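Structural description and commentary
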Amino acid sequence: MVPEASHDAGECYDAPKCHPETHRAVLSNIMSWVNSDNEATRIMWLYGPARAGKSAITQTTAEECHNEGKLVAIFFFSRFRAGQNNKDGLVATIVYQICVSAPAMKEHIIKNIEKNPNIFKTNIRVQMQELVIEPFKLMKSECSTCSTPRLVIIDGLDECQTRKDQVEIIEAIANSLSLIDSASFLQFLLVSQPEVEIRHAFNMESIASSCTRLALDDTFDPDKDIELYLQSHFQALRHEHILGSYLPISWPCDEDIDFIVQKSSGQFIYASIVVHYVSDLWHDPRK
């Protein structure tokens with residue numbers, strides 16, 4: 001298990017979340033899919049370039065689904081963190097969170113582990129089927145009307161060490177979901193950059209038919225979101241910075257905000273670095 005990769009991990013507690021007025025269209029699309037009962041598309045692939053705001057969207061989605069009792073589990077891959085940069089602890093971490101979010105599955109999971117003590121040394125497909133899918137099906141058969149969480153999120157799939165493992169994870173999830181009947185609804189939100197191998201996996205006929213895609217591109221007007229983000233943070237700066245009372249009403253001017261938006265080129269990371277620099281208590285925001 002990799003505690004640092006789960007929903008309540010300290011590393012994730014202060015993870016960036018979307019500003020309330022940004023990414024609204026993207027979040028609306030994701031939540032519409034989560035709340036649907038379309039068994040044909042149980043996988044959503046959210047993809048976009050580096051620093052496009054994917055993790056903030058993921059974290060906000062996780063928080064909302066957790067508050068609504070719909071989040072089963074979440075796993076954050078991270079290229080430079082041991083344990084979070086490979087597939088070895090993926091299913092174990094998901095299973096631990098399942099036992100917390102859906103305790104009715106715990107007994108079935110324990111029985112399968114007792115039957116096969118080496119289960120976590122088997123391949124991802126076997127682990128997923130025996131520790132996630134089968135217990136989920138058994139739980140739903142025992143109480144078909146019970147309200148249960150339904151969403152598993154895997155963020156940063158492209159940061160899993162090997163391309164072979166990235167594809168294996170996608171194939172294992174798609175194959176496992178094909179074994180669930182319509183009464184046992186479970187969904188996976190997979191988030192990554194559109195790397196060649198990952199794109200190829202999602203293009204395979206057996207996977208494409210059960211997957212819906214959501215691209216973070218200009219369709220969602222990132223410049224407008226970045227402008228709202230900047231305006232909100234600069235407004236807060238007036239109240240929180242020790243020199244805030246000295247800032248003129250016209251600060252920053254529209255031209256300055258437009259310049260930062262243009263330099264951001266649709267990526268939040270540039271705007272967030274500017275805000276971080278200007279917010280430094282030892283720095284005069286006007287300079």
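Relevant structure appears above.
Here we summarise the structure given alongside this text. Predicted model only: the values in this text are computed from it and were never measured. (Residues numbered from 1 in each chain as written. Predicted model: local features only at pLDDT ≥ 70, side-chain atom pairs only at ≥ 80, totals over all residues. Heavy atoms only, no water.)

Describing the pairing of strand β1 (residues 43-47)
The line we're drawing: Here's how the labels work: a residue is buried when its accessible area is under 20% of the maximum for its type, exposed when over 50%, partly exposed in between, all with a 1.4 Å probe on protein chains only. What counts as a helix is a DSSP run of H or I of at least four residues, what counts as a strand is a run of E of at least two, and both are numbered from the N terminus. Criterion used throughout: strands pair if DSSP finds at least two bridges between them.
Counting buried positions along β1 yields four of five residues, so the element is predominantly enclosed. With five bridges connecting them, β1 and strand β4 (residues 187-192) associate as parallel partners. By the bridge assignment for β4, W45 is matched with L190. The pairing of β1 with strand β5 (residues 211-215) spans five bridges and is parallel. What sits directly across from W45, in β5, is R213.

Topic: the pairing of strand β2 (residues 71-76)
With six of six residues buried, β2 is to be regarded as a mostly interior element. Relative to strand β3 (residues 151-155), β2 is paired through five bridges, and the arrangement is parallel. From the neighbouring strand, F75 faces β3, where its bridge partner is I154.

A look at the packing of helix α10 (residues 222-240) against helix α11 (residues 254-264)
Rule in force here: Angles run from 0 to 180 degrees between N-to-C directions of axes, and those axes are lines fitted to C-alpha atoms, restricted for helices to the stretch in contact. In what follows, roughly perpendicular refers to angles from 65 to 115 degrees, roughly parallel to angles under 35, roughly antiparallel to angles over 145, and oblique to any angle outside these ranges. With the far helix as reference, a near helix turned anticlockwise by less than a right angle produces a left-handed crossing, and one turned clockwise produces a right-handed crossing. Contacts were defined at the residue level, with two residues in contact if any of their heavy atoms lie within 4.5 Å. Amino acids outside the nonpolar list (Ala, Val, Leu, Ile, Met, Phe, Trp, Tyr, Cys, Pro) and the charged list (Asp, Glu, Lys, Arg) are all regarded as polar, and Gly is one of them.
One way to put it is that α10 packs onto α11 with a least axis distance of 10 Å and a crossing angle of 135 degrees. By the angle between their directions, the pair α10 and α11 is classed as oblique. When you trace α10 past α11, the crossing you get is right-handed. For the pair formed by α10 and α11, the contact residues are D223, I226, E227, L230, Q231 and F234 on the first element and I257, I260, V261 and S264 on the second. Class assignment of the residues belonging to the contact of α10 with α11 gives a composition of six nonpolar, two polar and two charged.

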